[in-house]
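This is what each chain is made of:
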Amino acid sequence: MRVLGLETSCDDTGVAVFDTENGLLAHKLYSQSQMHAEYGGVVPELASRDHIRKLLPLVREVLADAGTAPGDLDGVAYTMGPGLAGALLVGASIGRSLAYALGIPAVGVHHMEGHLLAPMLEHDAPAFPFLALLVSGGHTLLTDVRAMGDYRLLGESVDDAVGEAFDKTAKLLSLGYPGGPAIAAAAAHGTTGRFRFPRPMTDRPGLDFSFSGLKTAALIAAQQHALDARTIGDIAHAFQEAAVDTLVIKCARALEQTGHTRLVIAGGVGANTLLRTRLQELGGRNNVRVYYPRPVFCTDNGAMIAYAGALRLRAGQKEGLVFSARARWSLMDLTAP
Ligand code: KG4
Ligand code: ZN
């Protein structure tokens, strides 16, 4: 089964073709981040308009790369939520109408399920069940994954998502948008020990997270010092250490609690090198295998949507002719296909 996947939930237009027999045939991403950088964050209306401009040309390019004519497709998958309503509607309306015109089924995919299954695009794919750490700009979740669609929430952020904390801290340090890679780059020039920020909610039991206090600690440090390059590096360094440490502590706790021997990391913050290294070390100490997608499949992409959609379409799931977008949609509401 050959499936076209469309991702337009935020500021990346992602398109891919996944074939259940032959794997990923082609994928492409158009990032709007330069356009939004001027405003220090994503401007929803600009995002929607840019998806409208970029999506169909990108579909043509990806189909050509995949050596696939529209008539060779067996289904279309698009991100149905969660995300920015206007941006989601672009992918949903184009995806649903394309499938209608081609006389093939369409399926709406949950963006976080896409992230969660992205490591399965890799050669060394994890088997079910596993513990998953989902870390993106909008979510910080620890989930017990028994099978596709069988997700149990173990913990989540009670306030800011970890990616959001990276983005906001980068903004206050004038490091630009998106903040994650900018903080990581600045942190590489920072030193250990000059600042130390809290590891929120690690001193009490449970698997929930909180990142707004960490962000405030960075803000106070930034207000109390002249922000020269050295200080920016030191604050970024201390921030990254605290954020990563917090995630690692909670993963260790969740592994102990569940007894899982596989840990999957997905979502944009999963591209962070320090986080990947520290979780790999944690796995090594505990006989746990750690899986993550290549960095381009950690951040938003069309391949993860084509993949998750293909599995659901193959199992017979499809949408009716009325398409919808769900700006808010809990991963825990999903069921097995
Ligand atoms: O998954 P994603 O691309 O989009 C959402 O679904 O939100 O995640 C984007 C988030 C942003 O907050 C971005 O700053 C963060 O992932 N991010 C990183 C890195 N690359 C992206 N955070 C830390 N280190 C990185 N290398
Ligand atoms: Zn995402």
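A.B. asks: Just checking my understanding: could you explain the sheet that holds strand S9 (residues 262-266) for this structure?
C.D. replies: Backbone hydrogen bonds hold the strands of a sheet together, and the pairing may be parallel or antiparallel. Strands sit in the order S8-S7-S6-S9-S10 across an open sheet of five strands; the sheet is mixed. Of all strands in the sheet, those with a lone pairing partner are strand S8 (150-156) and strand S10 (289-291), marking the two edges. Averaged over all neighbouring strand pairs, the angle between strand axes comes to 25 degrees, with direction disregarded. Two strands pair when backbone bridges link them, and strand S6 (residues 130-135) and strand S7 (residues 140-147) are joined in this way by six bridges, in the antiparallel orientation. Across the sheet, the residue bridging to leucine 133 is leucine 142, located in S7.

A.B. asks: Mind showing me how you'd approach the sheet that holds strand S5 (residues 106-110) here?
C.D. replies: Taken in spatial order, the five strands line up as S3-S2-S1-S4-S5 in an open sheet, and their pairing is mixed. The open sheet has two edge strands with one neighbour each: strand S3 (23-31) and S5. Strand-to-strand twist of the sheet, defined as the mean angle between neighbouring strand axes without regard to direction, takes the value 20 degrees. Relative to S5, strand S4 (residues 75-81) is paired through five bridges, and the arrangement is parallel. Looking at the pairing, alanine 77 lines up with valine 107 of S5. In the packing of helix H3 (residues 85-102) onto the sheet, contacts are made with strand S1 (2-7), S4 and S5, and the angle to S4 comes to roughly 160 degrees.

A.B. asks: What exactly am I supposed to notice about the pairing of S7 here?
C.D. replies: The side chains of a regular strand alternate, residue by residue, between the two faces of the sheet. Most of S7 is tucked away: six of the eight residues are buried. What sits between the antiparallel neighbours S7 and S8 is a turn of two residues, in which glycine 149 has the positive phi angle 85 degrees.

A.B. asks: Before we go on, may I ask you to explain the nonpolar core in this structure?
C.D. replies: One broad rule of soluble globular proteins: the nonpolar side chains tend to lie buried together. Counting residues in each nonpolar core, the largest one holds 56 residues, and the members touching the most others are Leu4, Leu6, Val15 and Tyr151. Broken down by element, this core gets its largest block of residues, nine residues, from helix H11 (residues 302-314). In contact with leucine 4, other than residues within four places in its own chain, are Val15, Ala16, Val17, Val59, Leu63, Leu73, Gly75, Val76, Ala77, Leu98 and Ala306.

Rules used throughout
- Residues numbered from 1 in each chain as written.
- Chains lettered and ligands numbered in written order.
- Predicted model: local features only at pLDDT ≥ 70, side-chain atom pairs only at ≥ 80, totals over all residues.
- Heavy atoms only, no water.
- Pairing = 2+ DSSP bridges.
- Helix = DSSP H or I, 4+ residues; strand = E, 2+ residues; numbered from the N terminus.
- Axes fitted to C-alpha atoms, helices over the stretch in contact; angles between N-to-C directions.
- Contact = heavy atoms within 4.5 Å.
- Buried < 20%, exposed > 50% of the residue type's maximum accessible area, 1.4 Å probe, protein only.
- Core = buried A, V, L, I, M, F, W, Y, C linked by side-chain atoms within 4.5 Å.

Note that every value here comes from positions in space, so none of it alone points to a role or purpose.
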